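Working through the structure, step by step
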Amino acid sequence: MRIRSGPRQTQSVNGYIHSVETLGTVDGPGVRFVIFTQGCPHRCLYCHNPDTWRLKAGRQVASADLLDQIENAATFLKRARGGVTLSGGEPLAQPKFIASILRGCKEMDLHTALDTTGYLGARASDELLDDIDLVLLDIKSYDPETYRRVCGVELAPTLDFARRLESRGRKMWVRFVLVPGLTDAQANVEGLADFVASLKMVERVEVAPFHKLGEFKWKELRMPYRLSETQPPTPESVAEVRRAFSSRGLTVV
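Please read these numbers as outputs of a predicted model, since none were measured by experiment. (Residues numbered from 1 in each chain as written. Predicted model: local features only at pLDDT ≥ 70, side-chain atom pairs only at ≥ 80, totals over all residues. Heavy atoms only, no water.)

**Comments concerning the overall build of the protein**
A count of helical and extended segments in the protein gives eight helices and eight strands. Over its C-alpha atoms the protein spans a radius of gyration of 18 Å, differing by no more than 12% from the 18 Å that the globule rule assigns to 253 residues. Along the first, second and third principal axes, the C-alpha atoms of the protein reach 55 × 45 × 30 Å. When the 253 residues of the protein are sorted by exposure, 50% land in the buried category. Of all intrachain contacts in the protein linking residues separated by at least 6 positions in sequence, the fraction that spans at least 24 positions is 73%. Within the structure as shown, the protein displays about 12100 Å² of accessible surface, and the carbon and sulfur contribution to it stands at 50%. (Helix = DSSP H or I, 4+ residues; strand = E, 2+ residues; numbered from the N terminus. Rg over C-alpha atoms; globule rule 2.2 N^0.38 Å. Buried < 20%, exposed > 50% of the residue type's maximum accessible area, 1.4 Å probe, protein only. Contact = heavy atoms within 4.5 Å. Areas by Shrake-Rupley, 256 points an atom, 1.4 Å probe, with all protein chains shown as cover.)

**Some words on the pattern of salt bridges**
The tally for this structure, following the rule as stated, stands at 15 salt bridges. One salt bridge connects Asp 126 with Arg 168, and the closest N-O pair in it is separated by 3.4 Å. Highlighted residues: Asp 126 in helix H3 (residues 126-130) and Arg 168 in the loop between helix H5 (156-167) and strand E7 (171-178), separated in sequence by 42 residues. For Asp 126, a relative accessible area of 33% puts it in the partly exposed group. Here Asp 130 makes a salt bridge to Arg 168, at a shortest N to O gap of 3.0 Å. Placement of Asp 130 in helix H3 and of Arg 168 in the loop between H5 and E7 is noted, with a sequence separation of 38 residues between them. Taken together, the shared-partner salt bridges in this structure form one network comprising Asp 27, Asp 115, Arg 175, Arg 204 and Glu 206. (Salt bridge = Lys/Arg side-chain N within 4 Å of Asp/Glu carboxyl O.)

**Topic: the sheet that holds strand E8 (residues 202-209)**
With mixed pairing, the eight strands of this open sheet are ordered in space as E3-E1-E2-E4-E5-E6-E7-E8. Each edge of the open sheet is held by one strand with a lone partner, namely strand E3 (59-62) and E8. Each strand axis lies, on average, 30 degrees off the axis of its neighbour in the sheet, ignoring direction. Where strand E5 (residues 111-116) and strand E6 (residues 134-138) come together, four bridges link them in parallel fashion. Residue pairing in the sheet places Asp 115 in a bridge with Leu 136 of E6. The strands touched by H5 are E5, E6 and E7; relative to E6, the strand with the most contacts, the crossing angle is about 160 degrees. (Pairing = 2+ DSSP bridges. Axes fitted to C-alpha atoms, helices over the stretch in contact; angles between N-to-C directions.)

**So, the layout of surface pockets**
Empty space within the largest pocket amounts to approximately 920 Å³. Lining the largest pocket are 35 residues, and of these His 48, Asp 115, Asp 138, Lys 140 and Arg 175 lie nearest its centre. Taken together, the elements giving at least two residues each to the lining of the largest pocket come down to E5, E7, E8 and helix H7 (215-220). Among the elements that take part in the lining of the largest pocket, E8 stands out by supplying four residues, more than any other. In this model, the second largest pocket occupies a volume close to 180 Å³. The biggest single contributor to the lining of the second largest pocket is helix H8 (residues 235-246), with five residues. For the lining of the second largest pocket, the class distribution of residues is five nonpolar, two polar and four charged. (1 Å grid on protein atoms, 1.4 Å probe; cavity = no way out; pocket = protein on both sides within 12 Å on 5 of 7 lines; lining within 4 Å. Points joined across faces, edges and corners; volume = space filled by probe spheres on them. Nonpolar A, V, L, I, M, F, W, Y, C, P; charged D, E, K, R; others polar.)

**Things to note about the packing of aromatic side chains**
Enumeration according to the criterion identifies four aromatic pairs in this entry. Relative to Phe 245, the ring of Phe 176 lies with its centre 6.3 Å away and its plane at 50 degrees, an arrangement referred to as tilted. Of this pair, Phe 176 sits in strand E7 while Phe 245 sits in helix H8, and the two are 69 residues apart along the sequence. Each member of the pair, Phe 176 as well as Phe 245, carries the same accessibility label: buried. Here a set of aromatic residues connected by ring pairs shows up, and it is made of Trp 53, Trp 218 and Tyr 225. Across the ring face of Trp 173, the terminal group of Arg 204 is positioned such that the distance to the ring centre comes to 3.6 Å. (Phe/Tyr/Trp six-rings, centres within 6.5 Å; stacked < 30°, edge-to-face > 60°. Lys NZ or Arg CZ within 6 Å of the ring centre and 35° of its normal.)

**What about the packing of helix H1 (residues 63-79) against helix H2 (residues 95-107)?**
When two helices pack together, you describe them by how their axes are tilted relative to each other and by the distance separating the axes. At a closest axis distance of 9 Å, the pairing of H1 and H2 adopts a crossing angle of 30 degrees. It follows that H1 is roughly parallel to H2 by the angle criterion. For the element pair H1 and H2, the recorded crossing hand is right-handed. Where H1 approaches H2, its residues Ser 63, Leu 66, Leu 67 and Ile 70 are matched on the opposing element by Phe 97, Ser 100, Ile 101, Gly 104 and Cys 105. For the contact of H1 with H2, the residue count by class is six nonpolar, three polar and no charged. (Parallel < 35°, antiparallel > 145°, perpendicular 65-115°, else oblique. Left-handed = near helix turned anticlockwise from the far one by under 90°.)

Structural data, given as structure tokens:
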């Protein structure tokens, strides 16, 4: 166990989490300590974690206790060229809680990442953003009507947040889920590709094919899953969307 050389500077804040993953490899560079927070204003039709929507349905923890766990893993995380990722749910539903975690991580000199839709970006202070090394920004659609249909909320706050990250020099990885018959319209894809290409701080774009791996959770929660008849996109359609982004000089994975 690591012993701190002095008291932790950041104040502990209570918050709600869904779970923790100590060896994450898909939520940022290297090996990550991933905290899945509870609470989300989106109601995405394909959400694979609908059990994270309600804030107080999660487990209440103190940020200091999470930072103790992170500190024990800090040396390994650095050697693995990784760090800490705050995911969800929607982490910005609890801005004071995640700000405390981020500040504590920076005191340990750890790489930090935030996985967010950006919809609640106005809740993030400049100080919070300055403690983030990388934002994994989920943009579900570029067409406002489609975005509202997919997520149940408005698109504009997400685009505003992306522009704010750009102005503050925060690095971004943009994530886009390709859903046949929903987000795959050419105008939607081309519009999003143009917008992302206008952001110089975007390091890469992740095009994720739609899947139904979380459908069982909807059934467990006795909620209707409206995309049960939707099939994953074909490899050809995924390749076409990736070309739309790469043709604009973007790195696509």
